[in-house]
Amino acid sequence: LSERLSGVFDRLTKQGALSEDDVKTALREVRVALLEADVSLPVARDFVKAVQEKATGQAVTKSITPGQQVVKIVNDALVETLSGEGEPGALKIDNPPAPILMVGLQGSGKTTTTAKLAKRLTERDGKRVLMASLDVNRPAAMEQLQILGKQIGVDTLPIVKGEDPVQIAKRAKTQASLGGYDVYMLDTAGRLHIDEELIAQAAAVRDVANPRETLLVVDGLTGQDAVNVATEFDDKIGVTGVVLTRMDGDGRGGAALSMRAVTGKPIKFVGLGEKMDALETFEPERIAGRILGMGDIVSLVEKAQQTIEAEQAERMMKRFQKGQFNMNDLKMQLEQMQKMGGMEGVMGMMPGMGKMAKQVQDAGFDDKILSRQIALIQSMTKKERANPQILQASRKKRIAKGAGLEVQELNRLLKMQRQMGDMMKKMGKMGKGGMLKQAMK
Ligand code: GDP
Ligand code: MG
């Protein structure tokens, strides 16, 4: 995959903005690469389309080739798709005893993952965990969990022959309450394929246990199949999270992407081996790197971007000291603020700006205003941005209209630019920019 991609990307070496052709050429290969990584066809197609729209026209960072830039954009989009909301690996297990239901096909790694997770909850989170095997299909399955429990020092529900899964689930619940456990885990039986009996059994258990988390365990090596399994389980049983096992194998992890894209369920953990501590919180960046296989390029682009940003800041500072502060500068500041979590955060950090931050806030400044102001600046011509004082009333109206806003808002923006310019100049004079430099670090 890496070779294939570098081949294509080496051919794209023009500088400037990414043309539609650049992006298309690169993404044709990305699409093939995704398919080779076992991403399902519709997911790969949608993903590539979304990236294409995002990438076309984007500026290419200095010292970086368009191909490298596309890699970074693809990587970021992968990470975004792979990330679920909330903290990775977090489980809803307050209100003891919290039931966790483990479901999945036979051999996917349910029993192993049950024990691994029980160990993690015990050791990392200080929880008291009870594990119960509901696998009445295979004679040795219950003993398997019991042995693992002994090995990791986690209690298992005593085995009673002849019970059905629902009876075992009920007993686990009672035992967990009486025994003062924080969590009880129900390890269900799997089948080689999804069938009605399997689903009916899991549903019956779900109905008596009312699980806080229902974790679907899937073999990360099974690729597209994994997605069908996930969809089916989610439709019939309701899944709150996914655990991808066998990610220690040489699969590319494409299943992770399909899984996220199709089911929208968060991937919470990955299994990285047969040992009891081979369970890790799912990290989107890591899997993205694996699917794409171009981690070096990604960090190269990140470094180049950081360098450029530092250079820009330096250049800007020099201009501010000379009293130059135009709409381009303001736009850059506004964008920076957006990145850093809004006006309040940024200004609060700058010495002498606390008061202004408060004024700005009192004037009803919120972060939506940032994007509106950026839109206003974007509606200006190049000349106007460099020299906003040339704006006449009629142009102001047009610009405001272009951004879908009132003229007053543009006037406020102009005032802000003047005030900030004055302030930058003053700060620049004080100690030859020492203060400003300090503030911008
Ligand atoms: P179940 O039928 O779903 O309960 O699957 P098991 O937990 O019994 O696991 C089946 C086999 O897969 C066992 O030999 C496990 O040791 C192995 N296994 C489970 N998870 C992983 C993993 O993350 N990596 C590797 N390499 N093997 C795993
Ligand atoms: Mg099992």
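Residues numbered from 1 in each chain as written. Chains lettered and ligands numbered in written order. Predicted model: local features only at pLDDT ≥ 70, side-chain atom pairs only at ≥ 80, totals over all residues.

Notes on the nonpolar core
In this structure, Ala132, Met185, Leu186 and Ala230 are the most contacted members of the largest nonpolar core, which totals 88 residues. Split by domain, this core shows at least three residues from each of two domains, domain 1 (2-83) and domain 2 (98-282). Residues in contact with Met185, not counting those within four places in the same chain, are Ile100, Met102, Thr114, Ala118, Val129, Met131 and Ala132. Grouped together as the second largest cluster of nonpolar side chains are ten residues, Met327, Ile377, Ala403 and Leu413 included. (Core = buried A, V, L, I, M, F, W, Y, C linked by C-beta atoms within 7 Å. Buried ≥ 20, exposed ≤ 12 C-beta atoms within 10 Å, placed from the backbone. Domains from an automatic or database assignment. Contact = placed C-beta atoms within 7 Å.)

Topic: helix H2 (residues 20-36)
Over its 17 residues, H2 runs 24 Å from end to end, which matches the ideal 24 Å to within 8%, given 1.5 Å per residue. Listed as buried for H2 are Asp22, Val23, Ala26, Leu27, Val30, Ala33 and Leu34. Looking at the residues trailing H2, positive phi occurs at Asp38, about 80°. (Helix = DSSP H or I, 4+ residues; strand = E, 2+ residues; numbered from the N terminus. Expected span 1.5 Å × (residues − 1).)

Quick word on the domain arrangement of the protein
You can read the domains of the protein as domain 1 (2-83), domain 2 (98-282) and domain 3 (322-440). Distance from the C-alpha centre of domain 1 to the C-alpha centre of domain 2: 36 Å. Each side of the interface is counted separately: domain 1 has eleven residues, and domain 2 has 14 residues. When contributions to the side of domain 1 that touches domain 2 are tallied by element, the ones reaching two or more residues are helix H3 (41-55) and helix H4 (66-82).

Looking at the UniProt feature "domain: SRP54-type proteins GTP-binding" (unreviewed entry) in the protein
Using the residue numbers shown here, the UniProt feature "domain: SRP54-type proteins GTP-binding" (unreviewed entry) corresponds to residues 266-279. Annotated as residues 266-279, this span is 0% helix and 43% strand, and its ends, taken at the C-alpha atoms, are 16 Å apart. (UniProt positions renumbered as here; feature names shortened; annotations may be inferred.)

Structural notes on the sheet that holds strand E7 (residues 267-271)
Strand order across the open sheet formed by eight strands is E3-E2-E4-E1-E5-E6-E7-E8, with mixed pairing between neighbours. Every interior strand has two partners, whereas the edge strands, strand E3 (155-156) and strand E8 (279-281), have only one. Pairing geometry for strand E1 (residues 98-103) and strand E5 (residues 213-219), over four bridges, is parallel. Across the sheet, the residue bridging to Val103 is Leu216, located in E5. (Pairing = 2+ DSSP bridges.)

With respect to the site of ligand 1
For ligand 1, the set of nearby residues contains 17 residues, the closest of which are Gly109, Lys110, Thr111, Thr112 and Gly271. Class assignment for the residues of the shell around ligand 1 results in two nonpolar, eleven polar and four charged. (Near = placed C-beta within 6 Å. Nonpolar A, V, L, I, M, F, W, Y, C, P; charged D, E, K, R; others polar.)

Notes on the pairing of strand E4 (residues 183-187)
The buried fraction of E4 amounts to five of the five residues, a majority that puts the element mostly inside the structure. The sheet contact formed by E1 and E4 spans five bridges and is parallel. Paired with Pro99 across the strands is Tyr184, a residue of E4. Bridge analysis of strand E2 (residues 129-133) against E4 gives five bridges, and the strand direction is parallel. Residue Met131 lies in a different strand from E4, and its bridge partner there is Met185.

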